[in-house]
Amino acid sequence: MAVAPDGSSRIVIAGGGIAGLSLALALKQALGATFSIVLADPTVNAVPKADNRAYAVAAGARSMLETLGVWDAISGKTQAMTEMVISDSRTTDAVRPVFLTFDGEVEPGQPFAHMIENAVLVAELKAACLRVGVELRPVGVRRFLVEDETAEIVFADGTREQAALLVAADGARSKLREQAGIGWVGWDYGQSGIVATIGHERPHHGRAVEHFLPSGPFAILPLADGGKLGHRSSIVWTERTDNVAPLLSLDREDILAEIETRFGLELGEIALESPVSAHPLGFGVARRFVDDRLALLGDAAHLIHPIAGQGLNLGLKDVAALAETIVDAARLGLDPGTLDVLESYEKARRFDTVAMGAVTDGLNRLFSNDATPLRLARDLGLGLVDRLPGLKRFFIREAAGLAGAPPRLLRGEVL
Ligand SMILES: Cc1cc2nc3c(=O)[nH]c(=O)nc-3n(C[C@H](O)[C@H](O)[C@H](O)COP(=O)(O)OP(=O)(O)OC[C@H]3O[C@@H](n4cnc5c(N)ncnc54)[C@H](O)[C@@H]3O)c2cc1C
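Here the structure is a predicted model, which is why all the values come from computation and not from measurement.

**Some remarks on the pairing of strand E11 (residues 141-147)**
(1) Moving on: Relative to strand E12 (residues 150-155), E11 runs antiparallel, the two being bridged by six bridges. Bridge pairing links Val-146 to Ala-151 in E12.
(2) Moving on: Linking two consecutive strands that pair antiparallel, namely E11 and E12, is a turn of two residues; a positive phi of about 45° is found at Asp-148 within it.

**Examining the packing of helix H1 (residues 18-31) against helix H4 (residues 118-132)**
(1) Moving on: Contact geometry of H1 with H4 gives a least axis separation of 9 Å together with a crossing angle of 25°. When the interaxial angle is binned, H1 and H4 end up roughly parallel. Between H1 and H4 the crossing geometry is left-handed. On H4, the residues touching Ile-18, Leu-21, Ser-22, Ala-24, Leu-25, Lys-28 and Gln-29 of H1 are Leu-121, Val-122, Leu-125, Lys-126, Ala-128, Cys-129 and Val-132.
(2) Moving on: Within the contact of H1 with H4, the residues separate by chemical class into 10 nonpolar, two polar and two charged.

**Brief notes about the packing of H1 against helix H8 (residues 311-331)**
(1) Moving on: Interhelical geometry of H1 versus H8 gives an angle of 25° and a closest axis separation of 9 Å. If you check the angle between H1 and H8, you find them roughly parallel. For the element pair H1 and H8, the recorded crossing hand is right-handed. For the pair H1 and H8, the contacting residues are Ile-18, Ala-19, Ser-22, Leu-23, Ala-26, Leu-27, Ala-30 and Leu-31 in the first and Leu-312, Gly-315, Leu-316, Asp-318, Val-319, Leu-322, Ala-323, Ile-326, Val-327 and Ala-330 in the second.
(2) Moving on: Split into classes, the residues belonging to the contact of H1 with H8 amount to 15 nonpolar, two polar and one charged.

**Points about the nonpolar core**
Across soluble globular proteins, you tend to see nonpolar side chains buried next to one another.
(1) Moving on: Among the nonpolar cores identified, the biggest contains 114 residues, and Leu-23 and Leu-297 are the most heavily contacted of them.
(2) Moving on: Ranked by residues supplied to this core, first place goes to H8 with 11 residues.
(3) Moving on: For Leu-297, the contacting residues outside a window of four places in its chain are Ala-19, Gly-20, Leu-23, Val-167, Ala-168, Ala-169, Gly-315, Asp-318, Val-319 and Leu-322.

**Quick look at the sheet that holds strand E3 (residues 54-58)**
(1) Moving on: What the three strands build is an open sheet, ordered E3-E9-E4; its pairing is antiparallel. Two strands close off the open sheet at either side, each with one partner strand: E3 and strand E4 (79-80).
(2) Moving on: Sheet topology places E4 next to strand E9 (residues 113-117); two bridges connect them, and they run antiparallel. Paired with Ala-80 across the two strands is His-114, which belongs to E9.
(3) Moving on: Where helix H2 (residues 59-67) meets the sheet, its contacts fall on E3 and E9, and the angle it forms with E3 comes to roughly 90°.
(4) Moving on: Sheet strands touched by H4: E3 and E9. Its angle to E9, the strand with the most contacts, is close to 85°.

Quick notes on the rules
- Residues numbered from 1 in each chain as written.
- Predicted model: local features only at pLDDT ≥ 70, side-chain atom pairs only at ≥ 80, totals over all residues.
- Pairing = 2+ DSSP bridges.
- Helix = DSSP H or I, 4+ residues; strand = E, 2+ residues; numbered from the N terminus.
- Axes fitted to C-alpha atoms, helices over the stretch in contact; angles between N-to-C directions.
- Parallel < 35°, antiparallel > 145°, perpendicular 65-115°, else oblique.
- Left-handed = near helix turned anticlockwise from the far one by under 90°.
- Contact = placed C-beta atoms within 7 Å.
- Nonpolar A, V, L, I, M, F, W, Y, C, P; charged D, E, K, R; others polar.
- Core = buried A, V, L, I, M, F, W, Y, C linked by C-beta atoms within 7 Å.
- Buried ≥ 20, exposed ≤ 12 C-beta atoms within 10 Å, placed from the backbone.

So, in structure tokens, the structure goes:
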């Protein structure tokens, strides 16, 4: 294992999205001066112009962010989801029948998810990383070589550095995964997720709504109050990709009218509080999550449909599992970059990832469809789940990331 002149070892994380930043913070807090943690991303110092992304962060992931000391700083800007309502309808339906409702608590007083805006969480994670001594380096990782029990990292500016481990947290189109020759099983849905922040006149009371429309789900997710009309929600509108360019070329008034048709009238007058953007949706899982001196993290390891708001939550579960693997090995004096050590991370994460990928893929296929027999069958299924409290509880614990035996950070324990 490569050891620096000051006796410390180095871990390089390529990718400063929420997954990469959370891992950097967890490792530095637990390992202190014995490891230098470098997070490299060409965009790490850039301030995104108009970031309209927001996520439902599940209870387990929230516990980890609390333990890492970032949640308290942002808690005034988060919104608890107190209820989730699912309806199956067409845009022309005057009344949208409710087929399934979830009360939003895993345990009394513990909501199963909170909504948080990407910009808010990323800014706090970066500040926390800097406070504990993570090096945030504004440069990409071009490639890496494994030689003599060391990863040699080649940065985009031509500099080179040795590390015990490279973590590729460089997103779904990971070049580092490709360079390592790790295969990817996946497909495109031919759908895009249109995202925007919507202001509205009436309060949402923490209620999340998902309308299953024929082109795909339309989700209204409650954000912390604010904006021109006093209240805000984030929308994720799944649309066939062919329809997206004409929609995005509409002027603000016309696209707002399209949104209103789907959003409904329940929350009163609505307004656009952000630009409207679209993200192509796909599914994919890496054939392996680890290699010698390499671990894949977050979307670099798996990509799922946002229908259940679980993509980032899977990535944060990876963070908890990989941090635990590395820290436990380092404390035993083992080299955390070896395949033997890294395989226990892969073992911990592979089944959960493939299972969640299959569930979200199945849900999307089932609901992005207007065939009458299928609608009847799924409505019957939703109605049945709605009447079975035990099954609902099971789904809530799964969605909260607390099923099975979660890693220590997800249980709110320090490493
Ligand atoms: C419409 C939509 C809605 C969603 N809603 C939710 C939700 O409600 N809940 C949820 O859990 N998930 C949700 N997701 C999923 C979530 O957005 C992703 O899972 C998550 O953002 C992935 O984070 P990441 O850190 O793994 O990767 P990314 O956020 O993609 O970050 C990758 C980073 O790597 C950097 N990078 C790229 N190449 C290199 C390189 N060579 N060297 C160094 N750095 C590099 C990039 O600059 C980038 O900063 C949603 C997704 C979509 C599309």
